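Reading the structure
Residue-level listing of the chains:
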Amino acid sequence: MDKFIIHGGHRLRGSIRVNGSKNAALPMMAAALLLERDEVLVLRNVPDLGDVRTMGTLLERLGVRVERERATLKLAVADDTPVQAPYEIVKTMRAGICTLGPLVGRRGEAHVSHPGGCAIGVRPVDLHVRGIAMLGARVKTDHGYIVATAKRLRGGTVYLGGAFGSTVTGTANVLMAAVLARGTTVIEYAAQEPEVQELANLLNAMGARIEGIGSYRLVVHGVERLRGTRWTVIPDRIEAGTFMACAAVTAGDLLVENVRAEHMTAVLETLREMGCGLEVGSFSVRVRGPRRLRPVDLNTLPFPGFPTDLQSQFMACCCLADGISVVTEKIYPERFSHLPEFCRMGARGRKYESAAIISGVRELHGAPVMASDLRAGAGLVVAGLAARGYTEVQRIYHLDRGYDHVERRLNAVGAKIRRVAEKAKEAPVRETGTG
Ligand code: EPU
């Protein structure tokens, strides 16, 4: 297991480029399952990440040929008979659930391992299951697998509202199931995240007929078949926001390139409130961190609200702000595993129900800390960059699932991060992947 040793206290300066979005690329890859044999889906700007490779392996098991050349993936269906997404793959990457909709929609049957809970909370899939069932599939759980069958799905009205709003991958699943269904499907309370919008745009380019993209209400007119196409994956707004937090916390001056600012309104507003100077260009944002950040009240919310996937990175900033911040988690009430790690570095904060109350300190100090999921790990890197002395971040395999060579890219703008291979003293933890 590798770890990072971060020598903190260096201001980040220069420019850094954001890669394609992991959470946009993963369901787009699963959309290849909808293709006729020998049709090819070409995805450009696909990040080279653990989760993307895992999705590639899963699709290969499902009869898809996957070829990568640099940032371009070519996906083509060689065999359209396999229907099993096995436990040993889905347990390491929750996005494996995105194969459920296209498998049952195109192949009439899906056996997808139940992804279970994970480090950021319970994460049920009841809305996915309800949505697929509303389109006429028979759905049951069998020995840990969600088994869905339907000769051909039929259009219907699907409501995707749950206790915490809509569902991102649930909307992707129902959308991919509905595009080949007979008749018209209305998805009420669809997720509006840019990753879902882009999936819908891609499906339309493949021949689907989806209306209302970007709204709460998607109308899908089923078609007989889809064709291949070429598509460029949008920039990763979470990676962009992580780099912005790194600039903010180190009083840095960073030009973050390949950014869609319209996907990041809430994040940019938060940076302004914290006292950062921003210059928003057509595809870039320059962030200048102040000498001392101002505290904020932060609520994570579904898009266009502040993303839960940037909560830990911005909490790291709050730890050093000049006053008391309140960070309320409205998507995953238990997503605070980074807080005790920040406290090991000298932060002052405590959790109260689904919020953390952080009293900013002047200085954090390096300490050994542990990443328990992908974004918690990103938050620890942000904190480590600002801390005095050396921070050792353990279990960075979580980070590698979502950030491509993050240490190299941050070192190029002034960070001092070393990757150290650590002899496994213990077996890798067998928790479910988060992403
Ligand atoms: N929920 C239900 N029932 C469901 C589905 C979701 O109650 O059937 C609840 C969840 O427990 C949560 C809320 O609804 O409280 C939202 O969950 P959602 O389904 O939207 O999350 P997801 O689709 O499983 C994606 C991202 C996550 C990101 C969330 C929220 C991918 C592959 N994953 O997960 O990304 O946190 O949306 O924006 O797109 C990450 O990249 O680190 C990551 C965890």
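Residues numbered from 1 in each chain as written. Predicted model: local features only at pLDDT ≥ 70, side-chain atom pairs only at ≥ 80, totals over all residues. Heavy atoms only, no water.

A look at the site of the ligand
- In the vicinity of the ligand, 23 residues are found, and the nearest of them are Asp126, Thr167, Thr169, Asp309 and Ile331.
- Within the side chain of lysine 22, one N or O atom sits 3.1 Å away from an oxygen atom of the ligand.
- A distance of 2.8 Å is found between an oxygen atom of the ligand and a backbone nitrogen or oxygen belonging to valine 168.
- When the ligand sits alone it has 830 Å² of accessible area, and the protein chains cover 93% of it.
- A per-element tally of the shell around the ligand places helix α5 (residues 126-134) first, with three residues.
- Counted by class, the shell around the ligand contains ten nonpolar, seven polar and six charged residues.
- Here the shell around the ligand gathers at least three residues from each of two domains, domain 1 (2-19 + 235-421) and domain 2 (22-232). (Near = heavy atom within 4 Å. Polar contact = N/O pair within 3.5 Å; in protein donor to acceptor, adjacent residues only side chain to side chain. Areas by Shrake-Rupley, 256 points an atom, 1.4 Å probe, with all protein chains shown as cover. Helix = DSSP H or I, 4+ residues; strand = E, 2+ residues; numbered from the N terminus. Nonpolar A, V, L, I, M, F, W, Y, C, P; charged D, E, K, R; others polar. Domains from an automatic or database assignment.)

Some remarks on the packing of aromatic side chains
- Inspection of every chain in the model, using the stated rule, returns three aromatic pairs.
- Measuring from centroid to centroid gives 6.0 Å for tyrosine 159 and tyrosine 189, while their planes differ by 50°, and the two rings are tilted. Placement of the pair is tyrosine 159 in strand β10 (residues 157-159) and tyrosine 189 in the loop between β11 (184-188) and α7 (194-205), with a sequence separation of 30 residues.
- In this structure tyrosine 159 comes out as partly exposed when scored by relative accessible area, which is 49%. (Phe/Tyr/Trp six-rings, centres within 6.5 Å; stacked < 30°, edge-to-face > 60°. Buried < 20%, exposed > 50% of the residue type's maximum accessible area, 1.4 Å probe, protein only.)

Some remarks on the domain arrangement of the chain
- The assigned domain composition of the chain is domain 1 (2-19 + 235-421) and domain 2 (22-232).
- Averaged C-alpha coordinates put domain 1 and domain 2 at centres separated by 30 Å.
- Across the domain 1/domain 2 interface, buried area totals approximately 1,700 Å², and carbon plus sulfur atoms make up 52% of it.
- The largest share of the area that domain 1 buries against domain 2 comes from Phe303, Tyr332 and Arg401, three residues that together contribute 31% of it.
- Put simply, domain 1 and domain 2 have two salt bridges between them.
- A salt bridge links glutamate 195 to arginine 237, with the shortest nitrogen-to-oxygen separation between them at 2.8 Å.
- Taken together, the links from domain 1 to domain 2 amount to six residue pairs in polar contact (both at pLDDT 80 or more).
- Its residues assigned to classes, the side of domain 1 that touches domain 2 shows seven nonpolar, five polar and eleven charged. (Buried area = accessible area lost by both parts, 1.4 Å probe. Salt bridge = Lys/Arg side-chain N within 4 Å of Asp/Glu carboxyl O.)

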